[in-house]
Amino acid sequence: MTTLERVARQASEAKELAVHTSRALRDLKRGTKAGLSGRDRFVRHAVLRALATGRPGVTVEDIWRERYRERAAAGPAMMTVPTWATELVPTDVGAFLADGAQPLALSRLAALGRTVSLDGIGSLKIPYRPPLAEAGGWVAEGAPLPVDDLSFGSFTLSPRKAAAVSIFTAELNKRATPDIETLIDGALRTDIANIVDAALVDDQPGSALRPSGLRFNVAAVTASTATDPLVAMRADLAKLAGEIVAGGGSQPTFIVNPVQAISFGFLPGSTYGVIDTPSVPAGTVIAVDAPSFISGNGAAAVDASRDATIHAEDTAPQPIVTGGTAASPTRSLWQTASLACRVILEVAWGIPAGRSAWMEAVKW
């Protein structure tokens, strides 16, 4: 190879590298696949679905290029690309729930415990060691070793479906792209949090519809009657922590209403986790052994419609017409120039018996 040919080849390689570098920087700047987090992919998926709905002949790929100014030759992350938008993978669901200005209480607790994949899972049995089941001890030279009795408890993790429908006016299409993403992100996050976090912290049993609440089948611990709020707080937290330790736990995390969360700022030196959520009633405190908490996220489905008729703004929706009786009130999305964005996702959680405790009517 002549010197001229070598120089020409090196120049060509340098040009190709520069092009790739330029594209990568542009992708990161514009928020294309290379620079998107799981949360961003989840939200952008919903945006594309919503804006493409009710526009004959317009595909989600067209919306991508229209809204995000992405040329087809650049290979954008489209709806047909596996793991990006063909389906929302569990990592995207988890990132959506855990990131942002309002992360779910479930995702914050899950980060302190253990997560499992729900892909292809109908039910999953989780074993755990009951309290005082440990064996072993100091052994003299030549003496036999104590043998573990291998006694285990277990609980079952079963995926359940959480779903929400958020309604927007048709003006959504006229908003700037960042505004649309913020609006849909906030609406879906609020709706899902109202469903998931409320179930997480309540006292209802698990069923074919939902997992058990952390307070289910757990008797409330009596709160302190001390008149000094700080004294009462110390006594209450110590009592709850004692319940967790007695149940075989080791690292209590406290889940509280934002009203009680403020009080933790007056408790210097505390090393235990605190999760605040409006889903916990004011005056109620829940303690959970964080390492024992098991949870999982599955895939999600996001869709949108401008033509549906829905049983509007009802937390216990009924079929539109059943047995000749019509549900009321109903909303025609077409007639009211509205858009409904629907998200359905799989979640599951569980914790061994004895590793959650709670009290109500605290004095702080």
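Since the model is a prediction, treat every value here as computed from it, not as a measurement.

Student: Got a sec to walk through the sheet that holds strand E8 (residues 294-305)? Specific residues and values, please.
Tutor: The mixed open sheet is built from four strands, whose spatial order is E1-E8-E13-E4. This sheet does not close on itself; its edge strands, each paired only once, are strand E1 (114-117) and strand E4 (160-169). Strand after strand, the sheet turns through a mean of 30° between neighbouring axes, direction not considered. Summarising the sheet, E8 and strand E13 (residues 338-350) pair through 10 bridges and their orientation is antiparallel. Paired with Ile 294 across the strands is Gly 350, a residue of E13. Each of E8 and E13 is contacted by helix H4 (residues 90-98), which is oriented at about 90° to E8, the strand it contacts most. Sheet strands in contact with helix H6 (residues 177-201) are E4 and E13, and its direction is about 145° off that of E4.

Student: Tell me about the packing of aromatic side chains, residues and numbers included.
Tutor: What the rule picks out here adds up to three aromatic pairs. On the numbers, 4.2 Å between centres and 10° between planes, the contact of Phe 42 with Phe 96 is stacked. Of the two residues, Phe 42 sits in helix H2 (residues 38-52) while Phe 96 sits in helix H4, which places them 54 residues apart along the sequence. Considered together, Phe 42 and Phe 96 belong to a single accessibility category, that of buried residues. For the pair Phe 254 and Phe 264, a centre-to-centre distance of 6.2 Å together with 35° between the ring planes defines the contact as tilted. Of this pair, Phe 254 sits in strand E5 (residues 252-256) while Phe 264 is found in the loop between helix H8 (258-261) and strand E6 (274-276), placing the two residues 10 residues apart along the sequence. The class of Phe 254 is buried, set by a relative accessible area of 4%. By relative accessible area, Phe 264 is classed as buried at 12%. Connected via pairs of aromatic rings, a cluster forms that spans Phe 254, Phe 264 and Trp 364. Sitting over the ring of Phe 96, Arg 189 keeps its end group 4.6 Å from the ring centre. Across the ring face of Trp 358, the terminal group of Arg 215 is positioned such that the distance to the ring centre comes to 4.8 Å.

Analysis parameters
Residues numbered from 1 in each chain as written. Predicted model: local features only at pLDDT ≥ 70, side-chain atom pairs only at ≥ 80, totals over all residues. Heavy atoms only, no water. Pairing = 2+ DSSP bridges. Helix = DSSP H or I, 4+ residues; strand = E, 2+ residues; numbered from the N terminus. Axes fitted to C-alpha atoms, helices over the stretch in contact; angles between N-to-C directions. Contact = heavy atoms within 4.5 Å. Phe/Tyr/Trp six-rings, centres within 6.5 Å; stacked < 30°, edge-to-face > 60°. Buried < 20%, exposed > 50% of the residue type's maximum accessible area, 1.4 Å probe, protein only. Lys NZ or Arg CZ within 6 Å of the ring centre and 35° of its normal.

Without other data, these values stay purely geometric and don't point to any function.
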